[in-house]
Protein chains: 2
Amino acid sequence: MASSPRTAPPSGALNRRLADSGLRSTPQRELIYDVLLRKRDHPTADEVFVRVKTEMPTISLATVYNGLETLVQCDLVRAVNFERGPTRYCPNLRPHAHFHDERSGATHDIDLPPALIEHVKAILPPEYRAEAVEISFRGSTSR
Amino acid sequence: MASSPRTAPPSGALNRRLADSGLRSTPQRELIYDVLLRKRDHPTADEVFVRVKTEMPTISLATVYNGLETLVQCDLVRAVNFERGPTRYCPNLRPHAHFHDERSGATHDIDLPPALIEHVKAILPPEYRAEAVEISFRGSTSR
DNA sequence: TTGGGGGTTAGAATCATTCTAATTATCACT
DNA sequence: AGTGATAATTAGAATGATTCTAACCCCCAA
Ligand SMILES: [Mn+2]
Ligand SMILES: [Mn+2]
Ligand SMILES: [Zn+2]
Ligand SMILES: [Zn+2]
């Protein structure tokens, strides 16, 4: 007989990844991830904190930092940095670059064709083994 | 009659760029730039401070930060960031990417062929105007 | 000479993030 | 269900790179 869950069934991907890493599912982690999925505008930890607090007023900023770090470790979320600005968080798992619009401050995802990623890695001398490539643009968009 | 200089003649590029920006040449700015040119290992501001202090013990960390910022504004030096680490400074003016070696902590320059830069910019939708592209690698080198 | 305007300096302030220590929740096993 | 072990959360202090502030210095032009 199925056990009766006391909360709505948690989103599949998160719980699978947490279990794979030997970590527990918690309401805080669920909510942080949910907030990232709902509005994919590359929020900072502070912005995530504000959004999450409206639904869970007792959550702490430390937990938001911890939870975001956990999601990054589980490969469910990417941490995105522009120069020295605060880290932003992105739940888009497709290979993509980031475009930082100076005018609006917005960050946009730019899908990366696999062939381009290969071209870029191909400029490395053979003794360089790249685990990751980051491509980012700075500029502005019309309209 | 030529005026007698009390110091060695300053490196051409720096003084030209400073003058173009309406800024003055100073021993501090000269030395900071010189230190960057002498050892191109992408030092942090603190590392520049240490190197510069051995030749000018009275210089302050604030001046190092100010001077580095000035050199960046003059387009003589690039500020380089990896995740949330301290900013590093690079006097290589050729278009190039950065490879961060996780093992050694070293940062290496990777020259970028103009054609690759075009390829990368070509993935942007037409309404995106990119003023700058940054490419960085994380990994390790053999030997 | 003198005055104005950078430039430099030491130290305080800022701000994102991490750490600490105490509390609370969850899990596995009775 | 009860219990202990372990993980997670929390508030607040600490950290560390960078920026700001305010006083001082130096150069040049009048
Ligand atoms: Mn911006
Ligand atoms: Mn490293
Ligand atoms: Zn993204
Ligand atoms: Zn470089």
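J.: Lay out the packing of helix α3 (residues 45-53) of chain B against helix α4 (residues 61-73) of chain B with the relevant residues and their values.
T.: When two helices pack together, their arrangement is given by the angle between the helix axes and the distance between those axes. Residue and element names in this part refer to chain B. Contact geometry of α3 with α4 gives a least axis separation of 9 Å together with a crossing angle of 115 degrees. The hand of the α3/α4 crossing is right-handed. Where α3 abuts α4, its residues Ala45, Asp46, Val48, Phe49 and Val52 lie against Leu61, Val64, Tyr65 and Leu68.

J.: Hey, could you go over the environment of Ala122(A) for me, with residue numbers and the actual values?
T.: Counting through the fold element by element, Ala122(A) comes out in the loop between α5 (114-121) and β5 (128-141). For Ala122(A) and Pro91(A), which are 31 residues apart along the polypeptide, the C-alpha to C-alpha distance reads 27 Å.

J.: Give a detailed account of the protein's contact with DNA strand C, specifying residues and quantitative values.
T.: Not every one of the 16 residues close to DNA strand C is listed here, only the nearest: Tyr65(A), Thr87(A), Arg24(B), Thr26(B) and Thr63(B). When the atoms of DNA strand C within 4 Å of the protein are sorted by group, sugar and phosphate make up 80%. Here Thr87(A) contributes a backbone N or O atom positioned 2.7 Å from a phosphate oxygen of DNA strand C. Arg24(B) is positioned with one of its backbone polar atoms (N or O) 2.8 Å from a phosphate oxygen of DNA strand C. Residue assignment for the surface near DNA strand C shows that the elements contributing at least two residues are α2 (27-38) and α4 of chain B. Counting residues per element, the surface near DNA strand C draws most heavily on α4(B), at three residues. Classifying every residue of the surface near DNA strand C by side-chain character gives five nonpolar, seven polar and four charged.

J.: Quick rundown of the coordination of the zinc ion (ligand 3)? Include the residues and the values.
T.: Protein coordination at the zinc ion (ligand 3) comes from His42(A) (NE2), Cys90(A) (SG), His96(A) (NE2), His98(A) (NE2) and Asp109(A) (OD), with a distance range of 2.1 to 2.4 Å. Classification of His42(A) by relative accessible area gives buried; the value is 3%.

J.: Residues and numbers for the protein's contact with DNA strand D, please.
T.: Surrounding DNA strand D, one finds 15 residues, the nearest of these being Thr26(A), Arg29(A), Thr63(A), Tyr65(B) and Thr87(B). In DNA strand D, atoms within 4 Å of the protein come from the sugar-phosphate backbone in 84% of cases. With respect to DNA strand D, the backbone of Thr58(A) contributes an N or O atom lying 3.2 Å from a phosphate oxygen. Contact between DNA strand D and Thr87(B): a phosphate oxygen at 2.7 Å from a main-chain N or O atom of the residue. Elements with a minimum of two residues in the surface near DNA strand D: α2 (27-38) and α4 (61-73) of chain A. Here the element with the most residues in the surface near DNA strand D is α4(A); it accounts for three residues. Among the residues making up the surface near DNA strand D, the classes are represented as five nonpolar, seven polar and three charged.

About the criteria used
- Residues numbered from 1 in each chain as written.
- Chains lettered and ligands numbered in written order.
- Predicted model: local features only at pLDDT ≥ 70, side-chain atom pairs only at ≥ 80, totals over all residues.
- Heavy atoms only, no water.
- Axes fitted to C-alpha atoms, helices over the stretch in contact; angles between N-to-C directions.
- Helix = DSSP H or I, 4+ residues; strand = E, 2+ residues; numbered from the N terminus.
- Left-handed = near helix turned anticlockwise from the far one by under 90°.
- Contact = heavy atoms within 4.5 Å.
- Near = heavy atom within 4 Å.
- Polar contact = N/O pair within 3.5 Å; in protein donor to acceptor, adjacent residues only side chain to side chain.
- Nonpolar A, V, L, I, M, F, W, Y, C, P; charged D, E, K, R; others polar.
- Donors = N, O, S within 2.8 Å, 3.2 Å for Na, K, Ca; no water.
- Buried < 20%, exposed > 50% of the residue type's maximum accessible area, 1.4 Å probe, protein only.

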